[in-house]
Protein chains: 2
Amino acid sequence: MRIAHVAPLWESVPPRGYGAIETLVAELSAVQVLDGHDVTVFASGDSKVAGNLHSAGAPALHEAPGIAEPEIYRMLQLLDVRDRADEFDVIHSHVHANTGCLAIPALYGLRSPVLHTVHCYFNEDNTRLFRRFATERYVAISDSQRSRLPELNFLGTIHHGIAVEAFPFAAEPVGANPYLVFLGRIRPEKGVHIAIEAARLAGLPLKIAGRIKHSDRTYFEHEVQPHLDGKRVSFLGELDFPRKTSLLAGAVGTLITSRIPEPFGLVAIESMACGTPVVSLRTGAAAELVNDGVTGYLADSIEELAAGIRRLPMIDRASCRQHVAARFSIRRMTDGYERTYRTLTRS
Amino acid sequence: MRIAHVAPLWESVPPRGYGAIETLVAELSAVQVLDGHDVTVFASGDSKVAGNLHSAGAPALHEAPGIAEPEIYRMLQLLDVRDRADEFDVIHSHVHANTGCLAIPALYGLRSPVLHTVHCYFNEDNTRLFRRFATERYVAISDSQRSRLPELNFLGTIHHGIAVEAFPFAAEPVGANPYLVFLGRIRPEKGVHIAIEAARLAGLPLKIAGRIKHSDRTYFEHEVQPHLDGKRVSFLGELDFPRKTSLLAGAVGTLITSRIPEPFGLVAIESMACGTPVVSLRTGAAAELVNDGVTGYLADSIEELAAGIRRLPMIDRASCRQHVAARFSIRRMTDGYERTYRTLTRS
């Protein structure tokens with residue numbers, strides 16, 4: 001099958017640092033190439049993909065501060081996809097926040113089937129655009145996400161998959177001093193302050209890792225920094241993959257305390273792949289990712305988070321790894337997309 | 001004639017504060033209504049226009065910090081224009097920086113003629129998009145702008161017009177202490193530091209007024225603030241229309257020191273409308289706005305700016321006002337657009 005992926009341009013494919021969608025596109029397209037498909041990835045010019053790369057004419061925009069109007073490159077990319085549309089049996093668009101949603105009108109009306117995987121959170125703004133194109137073809141990344149805009153023409157829900165074998169498995173949390181992990185962007189809606197409070201209630205140290213955007217600096221300074229003592233609460237900054245996974249593997253548990261309905265939660269999957277159970281607020285897709293009582297606990301309050309933390313020793317870490325291998329592999333994700341593509345090309 | 005204007009959404013039409021394009025759309029459409037045209041303005045929901053308003057479904061995005069994805073509203077606006085295109089004899093799109101350029105692909109291929117007035121500076125990014133749509137129909141706002149991308153299908157150059165009668169005329173600069181003015185955004189490319197140095201060389205106090213964006217704070221702190229002494233150099237912040245025009249009218253001259261080729265310069269026109277001559281670097285459209293030796297002076301260096309400042313008393317302030325009334329009135333601009341519209345509707 002001739003498959004085109006339309007990736008974001010903010011990071012390269014694969015990303016040099018964090019980049020959930022870019023990682024997914026890299027891994028999905030690599031398996032599709034191995035499966036014998038002819039794959040073209042429309043992405044930033046510094047991307048390195050298994051199939052054919054169609055460069056957007058600029059490097060990853062995140063690393064190109066000289067670019068005055070990044071959205072221009074998104075539009076040029078979409079015009080390139082339109083121009084080449086007839087070369088593909090399916091065009092798989094990865095819709096992300098901000099300029100990502102422009103793919104929906106920009107790829108409208110092509111003869112070749114277009115499938116949009118919705119990676120972003122539905123908010124009041126983008127919902128207006130999605131509703132206007134409700135009959136286009138969508139894939140949700142969780143049933144939770146899908147339930148928030150059920151009138152969209154969702155062909156299915158396909159959970160993200162990760163390369164489980166790339167994650168180190170720890171049968172026991174390593175080291176003399178047990179700790180919890182919070183991993184993710186340091187922003188109010190991610191509830192870092194909630195994780196700090198839950199860890200304190202449960203009496204375990206918390207290690208926090210993640211990127212702080214300039215606009216979230218005030219939150220960090222007011223809600224996180226005052227708690228940092230290097231012992232009970234410590235901040236490690238943004239970690240590369242090896243350091244991130246060893247941090248996860250060494251932990252007693254990972255806290256997920258987002259206050260918004262996240263459409264997915266890669267950190268939960270990555271943590272469980274390392275054998276580390278998850279204690280999560282029951283928001284967004286959490287219940288689809290964490291097998292409550294088996295691979296971690298779901299909670300509705302800070303007190304319940306603390307109770308879950310105290311019960312973490314009852315979780316079998318091997319079950320966490322098996323859960324991810326069985327439910328969140330790249331193979332399962334790739335098969336899900338292949339089935340969906342077949343539906344489109346038959347119609 | 002049934003005319004549609006597609007305005008930016010960042011400010012309302014007319015703008016509550018500064019907003020060159022929004023002011024132009026408000027005044028152009030008001031005269032067109034008086035001329036008997038059926039005018040519809042696609043603009044932010046809090047706009048107040050002389051003709052019919054088609055709301056973008058959100059207030060001015062600048063004043064709506066709760067809006068997570070402003071570019072969505074731009075796309076929804078353009079989809080609305082597409083949906084209603086057949087209702088208009090001409091669609092007049094006002095292309096600005098950032099998401100404004102999306103109008104070019106988004107309004108491509110309509111049966112009704114589309115005319116794009118290019119309000120933005122051509123940079124490396126947007127040039128790629130303009131080149132791709134070189135055969136669309138454009139109006140330049142200066143010959144200088146047009147000369148930077150001559151392969152575009154420019155139907156003409158139409159300078160901006162202002163409501164000359166709304167500006168107070170001062171036959172002599174008022175007050176005991178003569179001063180110069182710098183008016184505009186406080187950013188490196190506007191050359192505020194150059195204006196400070198030129199005023200110092202010429203021995204006249206400089207009053208600076210304008211908005212400082214967060215991202216330009218460092219420039220202000222390093223290049224402007226150290227010079228502020230409340231006498232030789234003073235900073236007045238962002239001024240409303242009455243305070244801005246009385247500042248201009250009271251000045252000996254206005255300094256324009258932009259280091260980039262500005263496609264136009266409303267401040268030059270506004271200053272001369274008040275009777276206040278302009279001393280400008282010979283960049284961008286300056287030579288089309290300032291009648292060298294008659295309404296001010298053009299300079300190629302800081303020394304020449306200072307020399308121009310010293311010669312300001314030789315300028316007849318009434319000539320400045322007359323120059324603007326003759327060359328930069330809203331009537332002349334509106335007539336220019338009407339002629340261009342007629343060309344389109346005949347073809």
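Remember, predicted model here, so these are calculated numbers, not experimental data.

Draft legend 1. Structural context of the interface of chain A and chain B. Chain A puts 27 residues into the contact, and the matching count from chain B is 27 residues. Three residues stand out in chain A for area buried against chain B, namely Glu69, Asp125 and Arg132 of chain A, and they jointly supply 26% of the buried area on that side. Between chain A and chain B we count four salt bridges in total. Asp83 of chain A is paired through a salt bridge with Arg132 of chain B; the nearest N and O atoms lie 2.6 Å apart. Counting across the chain A and chain B interface gives 22 residue pairs in polar contact (both at pLDDT 80 or more). For the side of chain A that touches chain B, the secondary-structure elements that each account for two or more residues are helix H2 (70–84) and helix H4 (124–132) of chain A. It is H2 of chain A that provides the largest number of residues to the side of chain A that touches chain B, a total of eight residues.

Draft legend 2. Molecular detail of the domain arrangement of chain A. Residues and elements named next belong to chain A. Parsing chain A into structural domains produces domain 1 (2–161 + 329–346) and domain 2 (164–326). Domain 1 and domain 2 are separated by 28 Å when their C-alpha centres are compared. Opposite the 17 residues of domain 1 that make contact, domain 2 presents 13 residues. Together, the buried faces of domain 1 and domain 2 total about 1,200 Å²; carbon and sulfur atoms form 62% of this surface. At the junction of domain 1 with domain 2, the criterion picks out zero salt bridges. Across the domain 1-domain 2 interface, the total number found is five residue pairs in polar contact (both at pLDDT 80 or more).

Draft legend 3. Spatial organisation of the confidence of the model for chain A. For chain A, the average pLDDT comes to 95, and 100% of its residues sit at 70 or higher. Reported confidences for the modelled complex are a pTM of 0.91 and an ipTM of 0.88.

Draft legend 4. Region of the structure containing the UniProt feature "domain: Glycosyltransferase subfamily 4-like N-terminal" (unreviewed entry) in chain A. When the UniProt feature table is mapped onto this chain numbering, "domain: Glycosyltransferase subfamily 4-like N-terminal" (unreviewed entry) sits at residues 21–161 of chain A. In residues 21–161 of chain A, the share of helix is 33% and the share of strand is 21%. The end C-alpha atoms are 11 Å apart.

Draft legend 5. Structural context of helix H7 (residues 217–224) of chain A. Taken as a whole, H7 of chain A has its buried residues at Tyr219, Phe220 and Val224 of chain A. Across the axial projection of H7 of chain A, the buried residues extend over an arc of 100 degrees, all falling on one side.

Draft legend 6. Local environment of the UniProt feature "domain: Glycosyl transferase family" (unreviewed entry) in chain A. The UniProt entry lists residues 175–312 of chain A under the feature "domain: Glycosyl transferase family" (unreviewed entry), expressed in the numbering used here. Along residues 175–312 of chain A, the helical share is 36% and the strand share 17%, with 16 Å between the first and last C-alpha atoms.

Draft legend 7. Quick look at the pairing of strand S4 (residues 90–95) of chain B. Residue and element names in this part refer to chain B. Burial analysis of S4 places six of its six residues in the buried class, the great majority of the element. Side chains Val90, His92 and His94 project from S4 onto one buried face, and the interleaved Ile91, Ser93 and Val95 project onto a second face that is buried too. With four bridges joining them, strand S1 (residues 2–6) and S4 adopt parallel strand pairing. The residue of S4 that forms the bridge with Val6 is Ser93.

Draft legend 8. Region of the structure containing the environment of Ile256 of chain A. Structurally, Ile256 of chain A can be placed in strand S11 (residues 253–256). Ignoring any residue separated from it by four or fewer positions in sequence, one finds Ile256 of chain A in contact with Val267, Ala268, Val278, Val279, Ser280 and Leu281 of chain A.

Draft legend 9. Just the sheet that holds strand S12 (residues 278–281) of chain A, in detail. Residues and elements named next belong to chain A. If you trace the six strands from one edge of the open sheet to the other, you get S10-S9-S8-S11-S12-S13, paired in parallel fashion. What marks the edges here is a single partner per strand, and that holds for strand S10 (233–235) and strand S13 (296–299). Ignoring strand direction, the axes of neighbouring strands in this sheet form an average angle of 20 degrees. On top of the sheet, helix H6 (residues 192–202) reaches strand S8 (180–183), strand S9 (206–209), S10, S11 and S12; it is set at about 165 degrees to S9, its chief contact.

Cut-offs and rules
- Along each chain, the written sequence defines residue order, and numbers are assigned to residues from 1.
- All chains are assigned letters beginning with A, and all ligands numbers beginning with 1, in the order in which they are written.
- Thresholds applied to this predicted model are a pLDDT of at least 70 for local features of residues and 80 or more for the giving and counting of side-chain atom pairs; totals over whole chains, interfaces and linings are not thresholded and use all residues.
- For side-chain calculations, the full set of non-hydrogen atoms in the structure is used, while hydrogens and water are omitted.
- Contacts were defined at the residue level, with two residues in contact if any of their heavy atoms lie within 4.5 Å.
- Throughout, buried area stands for the accessible area (probe radius 1.4 Å) lost by two parts on being put together, summed over both.
- Salt bridges, as used here, are contacts in which a Lys or Arg side-chain nitrogen is within 4 Å of a carboxyl oxygen on Asp or Glu.
- Any pair of N or O atoms that falls within 3.5 Å is considered a polar contact. Within protein, one atom must be able to donate a hydrogen and the other to accept it, and sequence-neighbouring residues count only if both atoms are side-chain atoms.
- Here a strand is any run of E in DSSP of at least two residues, a helix any run of H or I of at least four, and the numbering for each starts at the N terminus.
- Domain delimitation follows an automatic or database domain assignment.
- One number per residue, pLDDT, summarises how confident the predictor is, and it ranges from 0 to 100.
- UniProt positions are given in the numbering used here, feature names are shortened, and annotations may be inferred rather than shown by experiment.
- Per-residue accessibility, obtained with a 1.4 Å probe over protein chains only, is compared with the maximum for each type, and a residue is labelled buried under 20%, exposed over 50%, and partly exposed between these values.
- Working note: the arc is built from the helix axis to C-beta atom directions.
- A pair of strands is considered paired only if DSSP assigns at least 2 bridges between the two.
- All axes here are fitted lines through C-alpha atoms, helices being fitted over the stretch that makes contact, and every angle between N-to-C directions spans 0 to 180 degrees.

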